[in-house]
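Structural features, examined
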Amino acid sequence: MSRTVLITGIGKRIGFSLAKYLLAKGHKVIGTYRTHYSSVEQLAKLGATVIPCDFCQEGAIDALIEQVSQHTQLDTIIHNASDWLPDNADMPPQQIMQRMMQVHVNAPYQINLGLSELLQANAKLHDDCIGASNIIHITDYVAEKGSKKHIAYAASKAALHNLTLSFATSLAPAVKVNSIAPAMILFNESDDDAYKSKTLAKAILPKEAGNSEIHSLVEYLLSSHYVTGRSFAVDGGRHLK
Ligand SMILES: NC(=O)C1=CN([C@@H]2O[C@H](COP(=O)(O)OP(=O)(O)OC[C@H]3O[C@@H](n4cnc5c(N)ncnc54)[C@H](OP(=O)(O)O)[C@@H]3O)[C@@H](O)[C@H]2O)C=CC1
Ligand SMILES: Nc1nc2c(c(=O)[nH]1)N=C([C@H](O)[C@@H](O)CO)CN2
């Protein structure tokens, strides 16, 4: 059955690849972006509805909720947008924590509350309406482990997983709410060989997993009618090292 999926942060990397993947599967995609890369135009040409939204801009989230509410068949939200700020970023610690909580906690919280009635109503469009609609929070392995250099980021991702627990309870039985906790999906262009070797050595499956690991897990969660309130680690067994 074709779904209508809101994905945040579609401009690049995992968000971009996931939007392309879901469009290719025949789903309708509504995607938010902060920077207007050519990839955004590419997704629009493939049929996506693309909406500019910087979650740190006053009023932007309310405007997004208002705009997405017009898409009356919305049944899935994937919170992918994220800012990987280190604690030594060139701004005061208070601002670092505020931005991390704004992007990773306040934005998903407000969007979920603002669109939950639509998700619940559209669960009924499916043959089996129990667990038919979805919210997926993309967190991070460090939500459970912590981080030496991204303390505020890790804390905000832990809070994002806590939203999974609360919304899973409050939106049952129509809406499933789950976390995906990745570790090493994609390196950044700025990562040097020394960093890559050190990072790969943290997992018992030492590899850069790639976007397809997220695609297949999203597909599984969308097909389930019974999995909710859980976190799915995509981390090469880092917890066993
Ligand atoms: N890549 C990996 O190996 C891992 C990724 N993850 C998680 O997976 C998800 C995707 O990762 P990845 O693709 O690497 O992430 P990126 O950092 O490459 O991209 C994140 C996206 O979020 C957008 N974004 C950042 N800040 C804001 C904001 N204030 N308002 C709106 N949008 C914003 C970015 O926009 P812009 O392009 O303008 O910056 C970008 O499109 C993230 O949640 C990340 O934390 C977790 C562990 C590992
Ligand atoms: N928003 C982002 N979050 C994270 C990123 C990223 O590029 N953007 N990258 C990672 C790393 O893969 C880290 O897990 C290992 O280097 C974590 N989160």
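Residues numbered from 1 in each chain as written. Chains lettered and ligands numbered in written order. Predicted model: local features only at pLDDT ≥ 70, side-chain atom pairs only at ≥ 80, totals over all residues. Heavy atoms only, no water.

A few points about the overall build of the protein
Helix and strand content of the protein: 8 helices and 7 strands. Relative to a compact globule of 241 residues, whose C-alpha radius of gyration would be 18 Å, the protein shows 17 Å and is just as compact. The buried share of the protein, reckoned over its 241 residues, is 49%. Here the contacts in the protein between residues at least 6 apart in sequence split such that 71% fall between residues at least 24 apart. Within the structure as shown, the protein displays about 12,000 Å² of accessible surface, and the carbon and sulfur contribution to it stands at 53%. Taking the average location of the 22 positive side-chain charges in the protein and that of its 22 negative ones, the two points are 6 Å from each other. (Helix = DSSP H or I, 4+ residues; strand = E, 2+ residues; numbered from the N terminus. Rg over C-alpha atoms; globule rule 2.2 N^0.38 Å. Buried < 20%, exposed > 50% of the residue type's maximum accessible area, 1.4 Å probe, protein only. Contact = heavy atoms within 4.5 Å. Areas by Shrake-Rupley, 256 points an atom, 1.4 Å probe, with all protein chains shown as cover. Lys, Arg positive; Asp, Glu negative; His and termini not counted. Charge placed at Lys NZ, Arg CZ, Asp CG, Glu CD.)

Quick notes on the pairing of strand 2 (residues 28–33)
Regular strands place side chains that alternate from one sheet face to the opposite one. For strand 2, a buried count of 5 out of 6 residues is recorded, marking the element as mostly surrounded by other parts of the structure. Looking at chain direction, strand 1 (residues 4–8) and strand 2 are connected through 5 bridges and run parallel. Within strand 2, the residue paired with valine 5 across the bridge is valine 29. For the crossover from strand 1 across helix 1 (residues 13–24) to strand 2, the handedness is right-handed. Bridge analysis of strand 2 against strand 3 (residues 49–52) gives 4 bridges, and the strand direction is parallel. (Pairing = 2+ DSSP bridges. Right-handed = clockwise from strand over helix to strand, strands pointing away.)

Re the packing of helix 1 against helix 2 (residues 38–45)
Between helix 1 and helix 2, the least distance of the axes is 11 Å, while the angle of their chain directions is 10°. With respect to helix 2, the axis of helix 1 lies roughly parallel. Across the interface between the two elements, Phe16, Ala19, Lys20 and Leu23 of helix 1 pack against Ser39, Gln42 and Leu43 of helix 2. (Axes fitted to C-alpha atoms, helices over the stretch in contact; angles between N-to-C directions. Parallel < 35°, antiparallel > 145°, perpendicular 65-115°, else oblique.)

Quick notes on the site of ligand 1
Taken together, the neighbourhood of ligand 1 is formed by 27 residues, with Arg13, Arg34, Thr35, Tyr37 and Asn80 sitting nearest. One nitrogen or oxygen atom from the side chain of tyrosine 37 is found 2.5 Å from an oxygen atom belonging to ligand 1. In this structure, phenylalanine 55 approaches ligand 1 through a main-chain N or O atom, which is 2.9 Å from a nitrogen atom. Class assignment of the residues belonging to the shell around ligand 1 gives a composition of 14 nonpolar, 6 polar and 7 charged. (Near = heavy atom within 4 Å. Polar contact = N/O pair within 3.5 Å; in protein donor to acceptor, adjacent residues only side chain to side chain. Nonpolar A, V, L, I, M, F, W, Y, C, P; charged D, E, K, R; others polar.)

Re a nonpolar patch on the surface
Together, Ile204, Leu205 and Leu240 make up an exposed nonpolar region whose accessible area comes to about 310 Å². Relative to the assigned elements, isoleucine 204 resides in the loop between helix 7 (193–200) and helix 8 (212–223). A residue is classified by how much of its surface remains accessible, and isoleucine 204, at 43% relative accessible area, is partly exposed. (Patch = residues over 30% accessible without salt bridge, like charges linked within 9 Å, V, L, I, M, F, W, Y side chains within 5 Å. Salt bridge = Lys/Arg side-chain N within 4 Å of Asp/Glu carboxyl O.)

Overview of the pairing of strand 5 (residues 133–138)
In terms of residue burial, strand 5 counts as a mostly covered element, since 6 of its 6 residues are buried. Because side chains alternate across strand 5, one face comprises the buried residues Ser133, Ile135 and His137, and the other comprises Asn134, Ile136 and Ile138, equally buried. Two strands pair when backbone bridges link them, and strand 4 (residues 76–79) and strand 5 are joined in this way by 4 bridges, in the parallel orientation. Note that in strand 5 the partner of threonine 76 across the bridge is asparagine 134. Viewed along the sheet, the connection from strand 4 through helix 4 (residues 93–123) into strand 5 turns out right-handed. The sheet contact formed by strand 5 and strand 6 (residues 175–182) spans 6 bridges and is parallel. For asparagine 134, the partnering residue across the bridge sits in strand 6 and is lysine 176.

Considerations on the sheet that holds strand 6
Strand-to-strand pairing in sheets goes through backbone hydrogen bonds, with the strands running parallel or antiparallel. Strand order in this open sheet of 7 strands is 3-2-1-4-5-6-7, and the pairing throughout is parallel. The strands lining the two open edges of the sheet, one partner per strand, are strand 3 and strand 7 (231–234). On average, each strand axis in the sheet is tilted by 15° relative to the strand beside it, whichever way the strands run. Its contacts with the sheet put helix 6 (residues 151–171) on strand 5, strand 6 and strand 7, and the angle it makes with strand 6 is roughly 160°.

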